[in-house]
Amino acid sequence: MGRWSEERVVNAAPDASSLTAARKLANPGPWSDTGSNDVLVWGKCQGSGKTPYQVSVDTAAPAYRCSCPSRKFPCKHALALLLLWSRGEAADGGEEAAGFAREWAQQRAERATVRERRQTEQPVDPAAQAKRLADRMALMDAGIEDFARWLTDLVRAGLASARTQPYSWWDGVAARLVDAQLPGLAEQVRAMGSDVHARTDWTDHLLRRAGRWWAVTKAWRMRDTLAPDELADLRVAVGWAVPTADVQGTEALHGPWLVLGAHRSDDGRLQQQRTWLRGPDGTVVVVLDFAAQSEALATPQLAGALLDATVARYPGSGQRRAMFTSPVDPLGMAASLGEGGSISQALEAESGAVAVSPWRDRHPVLLGGVRVCPDGNGWLRDESGDALPLVDAPLESLLALTGGHPVDLFGELEEGSVRPLSAVVNGQVVTP
Amino acid sequence: MTWLTDLRTAALVGTARHPAPPPPLELGVRPPEGLSTEESLLDQAALADAVIRTTRRSTPLDAANLPEPARSDDAPEASGEAARLLDLLLTQPPVGLELRNQLVADWLQLAGSSGRRVPHRLLPLLLSLAGTKPGVAAHLHPAIGTRGSWLQELRAGDSTSEAATETEWAELKSADATAQLEKLRRTDPAAAREQLDMHWDALGARERAAHLATLSINLQTDDEDVLERALDDKAKSVREVAASLLDRLPSSARASRMAGRLSPLVRVKGVLRKQFEIDLPSEPDAAALRDGIPPDPRTGEPDRLGRLDAIVRGAPLDVWTTTAGRSPATTVTLLKGETRVLETLLATAVLRADLDWVRALLDVRTDLRLLKVLPPAEREETLVRHIRTGAPNPFALAAPLRDMPRPWGSSLADAVLEQISAKNGGQLAALLADILPAALPPEAAGHCRRLLEGSDDDAGRRRVLRDAVQYQSFRQSLTEAFQ
């Protein structure tokens, strides 16, 4: 595991104030007994108390431990230590890990092995497992029937009357879906509760969503006739997660993987991070990370980085979700993202993807030679004169980076708009 | 699209009141038999969703909407430490916001003088900051380079604000018209005067007074005609503005009329000719009233001292030197006992920026209003002397110190630091908090550090000194980063 860049440390911070506090501590003054090896960085930081805080960081996982009472992870001490380490100002080498750091690493290793043992050694009881599955299926079936009934009620009363309902009405429906173990649908319904007021095209949006939900209920009833890939896509749509343990061993696709771009979002309850990767054979996958509000997301990968790692894909069709099955080692930066297509090609590809999997509404696109047009929320225009509107785009930043020249740009195509995630400028992949 | 429209209407109203439309047979759809109307509508909604998503087409966009691409930058990008420091200042300033703005301005100046430019990715943040902070905006060029200027033009193009042309000026609201006139007066005084003159008769009394007052910017002898005419105005407020502006023109006809009134009132008496004798003016005649000398009040005693003041303010200062037959400096010493006249003379000398008189008056009076008129070097010297000789009032001292060009000379810096570190210096420190860090020259950093180390429990003072030290050390890193 190589030394982190300062940028990577900055991205690991849970919030801006922790980082500011860490910068103040990031000088050798308060630090003693610092050191690092392949996976650990450790040190003692003199705080306001008598005994210095013991800070250890596992840079591979990454995981953080500090004896300070802060409830932020990583805390300012861990960040400051990493900052110093990334600048090469402290914690340089050190043959033997300090006692407290070694102890912690051992504890972690033990806990991991115990957990693993418990998982592998636990006697599998097929009867109990089958019963659990049957229970879940019954619950989901009932939930889907309930949802279908709600949909018919919705259109019988009319969408206009649905709009007059308070948010708690939508929330109640979503809560019932969660109880029926259909969190994927619940999330969409909850979002609709605010979308009907926030969007000007709410009628069409609600009508089409209702249609899509209706299609989900129908597909669910005939799930026994679906192909495995189709069923997997449907499982994602309703929110029936596949356990990571079931994915881990299935395959090991080797890199180098090129990071096409990444997006972070935060809906107030959950932080999400999507990282789009492309393998040597052109396979595009997306790695999803989630974290609760107070936690830190997994360290983001820089757009344009080449990663040495193996990847396993979740079941499904098209550009599938994937997870890293080995430690991730950056190999260097790519000078380009490859050959980009035109806008009409991108839309055709989207049509194809929708035809295969109608539940998904986000598709990765690599556009070649597009120029940024600053009208309204911004547009992208390719050489043939086709244009797509931008969404969530830092327009100023895009203009500043591209200067109005044609560039290759990677983004997510969503409801006919592009969310730009990275662009290639002067042989460098940059993030707007 | 009529099918979609029908579908939307049915869905909006609800199938209870509006039946679902027939499915679009032309799409080759064969719906199953025996569907309820709700099911049919939902089926069609799902179909519409799939159709729309699979047939999406891009919007053609005219190339004319695209901005002209930016020309390439000639200057090399500031890299490494310099870029990192600017990033830090813009995204996570380690210092207070006032200091941050000053340091960003310093960064831009250093980059400009060493021929480096701002990295493209930092331009949006920088331009946003400059949008609200004129101190930063003033130093954007040349450091932002071609790309920065291009981006600025693009931003300016979004908010079209055209300068009002002459014909429109008459239609502006009076406050806006005054502001417009002030702006024009700064760049082209004669044009502003002509514009006012042209519309004079159409203006109301309040507007005439407000617009006429704008002539105080770049007042010159050419303005005399307009002002002289305004002395005959119907409105008292306009006449007063005109008189006060003419007070500043010692070569005007009104000034010589005032001189005619003043000369008979003053003479030097005594064997040694060491004292002025000043008579009070008599009742004003019509011409004097026109020139702005106050008339008798309806009740009570006339304010004869007030009349004298008006005459002194209006007359050229030469009257005094001619009468005394001596230089301004000596004349001022002869007037020592006449505090009220001296006060009026002081105000007049400051208004007219008469350097000889200002210097002469500074010898007998340490009035900080006089400082503003002096050239910077002399002003600094006088200010230092002033600080060293007495314990000045911090409120009176703060204003001229803020006016001084920065950075200060080291003698002034030392004098101010001594004032600040004195027993009651906390107040002055607080008044100068925002400008002091940038005002102190680099040589003063050591002095600040020593003062900071000395124990002190005045939090405000410590903060100011700490800011100054922080600023100097950050500036030092900036200078090194650009070497």
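Please refer to the structure placed before this passage.
Quick look at the structure, then. (Residues numbered from 1 in each chain as written. Chains lettered and ligands numbered in written order. Predicted model: local features only at pLDDT ≥ 70, side-chain atom pairs only at ≥ 80, totals over all residues. Heavy atoms only, no water.)

Glancing now at the overall build of chain A. In terms of regular secondary structure, chain A is built from 13 helices and 18 strands. A burial count over chain A gives 46% of its 432 residues as buried. In chain A, of all internal contacts separated by at least 6 residues, the share reaching a separation of at least 24 is 61%. Accessible surface, chain A: about 20,100 Å² in total, of which carbon and sulfur atoms supply 51%. (Helix = DSSP H or I, 4+ residues; strand = E, 2+ residues; numbered from the N terminus. Buried < 20%, exposed > 50% of the residue type's maximum accessible area, 1.4 Å probe, protein only. Contact = heavy atoms within 4.5 Å. Areas by Shrake-Rupley, 256 points an atom, 1.4 Å probe, with all protein chains shown as cover.)

A word on the pattern of salt bridges. Residues and elements named next belong to chain B. Scanning the entire structure with this criterion turns up 58 salt bridges over all chains. Between R185 and D223 there is a salt bridge; the shortest N-O distance is 2.5 Å. Here R185 is found in helix α9 (residues 174-187), whereas its partner D223 is found in the loop between α11 (205-213) and α12 (224-230), with 38 residues between them in sequence. A single burial state applies to R185 and to D223, both of which are buried. (Salt bridge = Lys/Arg side-chain N within 4 Å of Asp/Glu carboxyl O.)

In this section: the nonpolar core. B:W320 and B:W408 are the most contacted members of the largest nonpolar core, which has 65 residues in total. Here this core gets six residues from one element, more than from any other, and that element is helix α23 (residues 410-421) of chain B. Listed in part, the 57 residues of the second largest apolar core include A:L380, A:L401, A:V430 and B:L140. (Core = buried A, V, L, I, M, F, W, Y, C linked by side-chain atoms within 4.5 Å.)

This brings us to the interface of chain B and chain A. Often, the extent of an interface is quoted as the loss of accessible area on bringing the components together. On the chain A side, the residues contacting the 46 residues of chain B number 53 residues. Both faces considered, chain B and chain A share a buried interface measuring about 4,300 Å² in area, 59% of it formed by carbon and sulfur atoms. The three residues of chain B that bury the most area against chain A are B:L42, B:R53 and B:R56, which together make up 17% of that side's buried surface. Across the contact surface, chain B and chain A share eight salt bridges. Among the salt bridges present, the one from A:D204 reaches B:R8, with a minimum N-O distance of 2.5 Å. Between chain B and chain A we count 27 residue pairs in polar contact (both at pLDDT 80 or more) in total. Among the secondary structure elements, those contributing two or more residues to the side of chain B that touches chain A are α1 (2-13), α2 (37-54), β1 (59-60), α3 (80-91), α5 (123-132) and α7 (145-158) of chain B. (Buried area = accessible area lost by both parts, 1.4 Å probe. Polar contact = N/O pair within 3.5 Å; in protein donor to acceptor, adjacent residues only side chain to side chain.)

With that out of the way, let us pick up unusual backbone geometry. Put simply, A:G255 and A:P256 share a cis peptide bond, and its omega is 5°. With respect to the helices, strands and loops of the structure, A:P256 is situated in the loop between β5 (253-254) and β6 (257-266). B:H141 connects to B:P142 through a cis peptide bond whose omega is 0°. Within the fold, B:P142 resides in the loop between α6 (134-137) and α7. Residue A:D392 is not a glycine yet carries a positive backbone phi of 50°. Within the fold, A:D392 resides in the loop between β15 (386-389) and α13 (395-402). The residue A:N426 is not glycine, and still its phi comes out positive at about 50°. With respect to the secondary-structure elements, A:N426 resides in the loop between β17 (417-425) and β18 (428-430).

Once that is clear, we can look at the sheet that holds β17(A). Pairing within the open sheet is antiparallel, and its seven strands lie in the order β18(A)-β17(A)-β16(A)-β13(A)-β14(A)-β15(A)-β1(B). At either margin of the open sheet sits one strand with a lone partner, and together these are β18 of chain A together with β1 of chain B. When strand β16 (residues 407-414) of chain A meets β17(A), the two strands line up antiparallel, connected through seven bridges. What sits directly across from A:G411, in β17(A), is A:P420. Those strands touched by helix α12 (residues 343-356) of chain A are β13 (363-373), β14 (379-381), β15 and β16 of chain A, and its axis lies near 160° from that of β13(A). Its contacts with the sheet place α13(A) against β13, β16, β17 and β18 of chain A, and it is angled at close to 70° to β13(A). (Pairing = 2+ DSSP bridges. Axes fitted to C-alpha atoms, helices over the stretch in contact; angles between N-to-C directions.)

All names here are of chain A. Scanning all chains against the criterion turns up 11 aromatic pairs over all chains. Relative to W150, the ring of F147 has its centre 5.7 Å away and its plane inclined at 10°; by these criteria the two rings are stacked. In this pair, F147 and W150 are both assigned in helix α5 (residues 126-157), three residues apart and thus about one turn of the helix distant. On the accessibility criterion, W150 (8% relative accessible area) is buried. For the pair W276 and F410, a centre-to-centre distance of 6.4 Å together with 65° between the ring planes defines the contact as edge-to-face. Of this pair, W276 sits in strand β7 (residues 270-278) while F410 is found in strand β16, placing the two residues 134 residues apart along the sequence. Feature note: the residues F147, W150, W169, W170 and W213 constitute an aromatic cluster, connected by ring pairs. One Lys or Arg, R108, reaches over the ring of W104 and ends 5.2 Å from the middle of that ring. Here R235 stacks its cationic end above the ring of W240, 3.9 Å away from the centre of that ring. (Phe/Tyr/Trp six-rings, centres within 6.5 Å; stacked < 30°, edge-to-face > 60°. Lys NZ or Arg CZ within 6 Å of the ring centre and 35° of its normal.)

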